[in-house]
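Residues per chain, in single letters:
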Amino acid sequence: MQKTIETIRGNSDGVTYEFPVLRIAGSSPDAPNAYIQAALHSDELPGVVAIDVLMPKLRKAEAEGRVRGNLTIVPRANPVGRAQQFFGAAQGRYHLGSRTNFNRDFPRLDRPDAKLLPGDDQPLNADDRLKARLIKLSLGHEIVLDLHCDDEGLPYLYIQSDLWPAMADCAACMGVEAVVLWSDESGASFDEASLRPYLKLPAAEAQLDRRVVTTVEYRGILDVETRFAEADAEGIYRLLVARGVIEDKSVETPKEFKGEIVPIDHIDMMPAPAAGAVLYDVKPGDRVKAGQRLATIVSAPGEEGGRVEVLAPQDGFILTRRATRATRAGDDLVKLAGVTRSADARSGALEQ
């Protein structure tokens, strides 16, 4: 295994950011290559601990000569976000300087050519330099996994519809409970920007059936536990075996995905009708019927009419809910995966 350090120039003199990149060279030029990163939202740690459990498996495979494809691992992909603390609380989702989500506005390339990316000498914010660097690292890999988590939720994947159902084995191997399919380009998230250059190629060159590109949502932000890390690491390892990056005849690699498949326009985000304290009636995984109460907002405590109910607009199941129990009017409360298209389906990213 080779370890290198990537350096990102900050916005002020004397400020730089660093993050390690771990690489394992494969033995077969015909095998797919895999890129795995975690904590692009720097306070989301389930993927970080999953990589920590995964690495001994990969080092063992390397020592035994079973690594066929090249592996590039970035355990903590966002040193800029890690440096952001506000009164002791991590601020890992948005760059405080540009006020932009760290998982939006990645460079959109029309072909997989690193020369099209802005150089380090360009007048960019540190978060934009980081985004260009991460895209550069991901180029040339057939498998690209971006490990995230939600507030509170089921483990699920975002997958571009052109890659489905060829990626059903990925979902099955990783043990997720749901897949959200998207098609239209939206906020240029990392997975979207990583896949875009290949979608622009002729079909014979793109080889979409060989590609695994996905945002992985590992449950909730507080689900940083050994049992989850071990299960998630095993899921990634099974995927690498299934796709031929690692050789391991002892590993069973299922191909049939038995979880839920939901088009992104079937997701109801359920914005809060009022500000106040949230009392949830449902949790992730619960099945609900149209008209069923999902939550109550206590907007005027102790007063008559001081509670506002939030009802399900359609049948479906709860994919996620917010971790905080305080809400502003208009804040999204849950992701309800419905059986039909949402009446207020969002054309772009579900969250900013």
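Everything numeric in this text was worked out from a predicted model, so none of it was measured.

## A word on the sheet that holds strand E18 (residues 293-298)
Hydrogen bonds along the backbone pair up the strands of a sheet, which may run parallel or antiparallel.
Okay, so step 1: One open sheet holds the 4 strands; their spatial order is E19-E18-E16-E21, and the pairing between them is antiparallel. Two strands lie at the open edges of the sheet, namely strand E19 (307-311) and strand E21 (326-327), each paired on one side alone.
Okay, so step 2: As paired strands, strand E16 (residues 276-280) and E18 are joined by 4 bridges and run antiparallel to one another. Bridge pairing in E18 places leucine 279 opposite threonine 296.

## Looking at the pattern of salt bridges
If the charged atoms of two oppositely charged side chains come close together, the side chains can form a pair.
Okay, so step 1: For the structure on display, the rule yields 26 salt bridges.
Okay, so step 2: The partner of glutamate 44 in a salt bridge is arginine 93, and the shortest N-O contact between them spans 4.0 Å. Highlighted residues: glutamate 44 in the loop between strand E3 (34-38) and helix H1 (46-63) and arginine 93 in the loop between strand E6 (89-90) and strand E7 (94-95), separated in sequence by 49 residues.
Okay, so step 3: Assessed through its relative accessible area of 8%, glutamate 44 is described here as buried.

## Quick word on the pairing of strand E2 (residues 16-24)
Okay, so step 1: Where strand E1 (residues 2-9) meets E2, 8 bridges bridge the pair, whose relative direction is antiparallel. Its bridge partner being in E2, isoleucine 8 is matched across the sheet by tyrosine 17.
Okay, so step 2: Counting the residues that bridge the hairpin from E1 to E2 gives 6 residues, and of these glycine 14 lies at a positive phi of roughly 85°.
Okay, so step 3: Two strands pair when backbone bridges link them, and E2 and strand E4 (residues 71-74) are joined in this way by 3 bridges, in the antiparallel orientation. Within E4, the position partnered with isoleucine 24 by the bridge is leucine 71.

## Some thoughts on the packing of helix H3 (residues 126-138) against helix H5 (residues 190-199)
Okay, so step 1: At a minimum axis separation of 10 Å, H3 and H5 run at an interaxial angle of 50°. Judged by the angle between their axes, H3 and H5 are oblique. Taken as a pair, H3 and H5 cross one another with a handedness that is right-handed. Taking contact as the criterion, the partners of Leu134, Ile135 and Ser138 in H3 are, on H5, Phe190, Ala193 and Ser194.
Okay, so step 2: Of the residues that constitute the contact of H3 with H5, the class distribution is 4 nonpolar, 2 polar and no charged.

## Quick look at H3
Okay, so step 1: Over its 13 residues, H3 runs 19 Å from end to end, which matches the ideal 18 Å to within 8%, given 1.5 Å per residue.
Okay, so step 2: Of all the 13 residues making up H3, 11 are buried; the element is thus mostly covered by neighbouring parts of the structure.
Okay, so step 3: Within H3, burial applies to Ala126, Asp127, Arg129, Leu130, Lys131, Ala132, Arg133, Leu134, Ile135, Leu137 and Ser138.

## A closer look at the sheet that holds E1
Okay, so step 1: The 9 strands lie next to each other as E1-E2-E4-E3-E9-E13-E11-E12-E14, forming an open sheet whose pairing is mixed. Two strands lie at the open edges of the sheet, namely E1 and strand E14 (260-263), each paired on one side alone. Going across the sheet, the axis of each strand differs from the next one's by a mean of 20°, ignoring polarity.
Okay, so step 2: Of the pairings in the sheet, the one linking strand E12 (residues 178-182) to E14 comprises 4 bridges and is parallel in character. Within the sheet, the bridge partner assigned to valine 179 lies in E14 and is isoleucine 261.
Okay, so step 3: Where H1 meets the sheet, its contacts fall on E2, E3, E4, strand E9 (143-150) and strand E13 (212-220), and the angle it forms with E3 comes to roughly 145°.
Okay, so step 4: Packing of H5 onto the sheet brings it into contact with E3, E9, strand E11 (156-160), E12 and E13, and relative to E13 it is tilted by some 165°.

## Remarks on the packing of aromatic side chains
Okay, so step 1: Per the stated rule, a full pass over the model turns up 5 aromatic pairs.
Okay, so step 2: Between the aromatic rings of tyrosine 156 and tyrosine 158, the centroid separation amounts to 5.4 Å while the plane-to-plane angle is 70°, which identifies the pairing as edge-to-face.
Okay, so step 3: Measuring from centroid to centroid gives 6.0 Å for tryptophan 164 and phenylalanine 257, while their planes differ by 85°, and the two rings are edge-to-face. Remark: phenylalanine 257 occurs in the loop between helix H7 (226-242) and E14 and tryptophan 164 occurs in the loop between E11 and helix H4 (168-174); sequence separation between them is 93 residues.
Okay, so step 4: Among the aromatic residues, ring-to-ring pairing joins Tyr35, Phe106 and Phe190 into one connected group.
Okay, so step 5: A cation over an aromatic ring shows up here: arginine 211 above the ring of tyrosine 198, its NZ or CZ 3.7 Å from the ring centre.

## Overview of unusual backbone geometry
Okay, so step 1: Cis geometry is adopted by the peptide bond preceding proline 165, which originates at tryptophan 164 and carries an omega value of 10°.
Okay, so step 2: Along the chain, the position of proline 165 falls in the loop between E11 and H4.
Okay, so step 3: Unlike most non-glycine residues, methionine 270 shows phi in positive territory, near 55°.
Okay, so step 4: Structurally, methionine 270 can be placed in the loop between strand E15 (267-268) and E16.

## Points about the state of the cysteines
Okay, so step 1: Taken as a whole and judged by the stated rule, the model has 0 disulfides.
Okay, so step 2: This cysteine, cysteine 149, is not joined by any disulfide, and cysteine 170 carries the nearest cysteine sulfur, 18 Å off.
Okay, so step 3: Using a relative accessible area of 5% as the deciding quantity, one classes cysteine 149 as buried.
Okay, so step 4: For the unlinked cysteine cysteine 170, the closest cysteine sulfur is that of cysteine 173, found at 7.5 Å.
Okay, so step 5: The class for cysteine 170 is buried, based on a relative accessible area of 0%.

Procedures and definitions
- Residues numbered from 1 in each chain as written.
- Predicted model: local features only at pLDDT ≥ 70, side-chain atom pairs only at ≥ 80, totals over all residues.
- Heavy atoms only, no water.
- Pairing = 2+ DSSP bridges.
- Helix = DSSP H or I, 4+ residues; strand = E, 2+ residues; numbered from the N terminus.
- Salt bridge = Lys/Arg side-chain N within 4 Å of Asp/Glu carboxyl O.
- Buried < 20%, exposed > 50% of the residue type's maximum accessible area, 1.4 Å probe, protein only.
- Axes fitted to C-alpha atoms, helices over the stretch in contact; angles between N-to-C directions.
- Parallel < 35°, antiparallel > 145°, perpendicular 65-115°, else oblique.
- Left-handed = near helix turned anticlockwise from the far one by under 90°.
- Contact = heavy atoms within 4.5 Å.
- Nonpolar A, V, L, I, M, F, W, Y, C, P; charged D, E, K, R; others polar.
- Expected span 1.5 Å × (residues − 1).
- Phe/Tyr/Trp six-rings, centres within 6.5 Å; stacked < 30°, edge-to-face > 60°.
- Lys NZ or Arg CZ within 6 Å of the ring centre and 35° of its normal.
- Disulfide = S-S within 2.5 Å.

Keep in mind that these numbers describe shape and distance, not what the molecule does.
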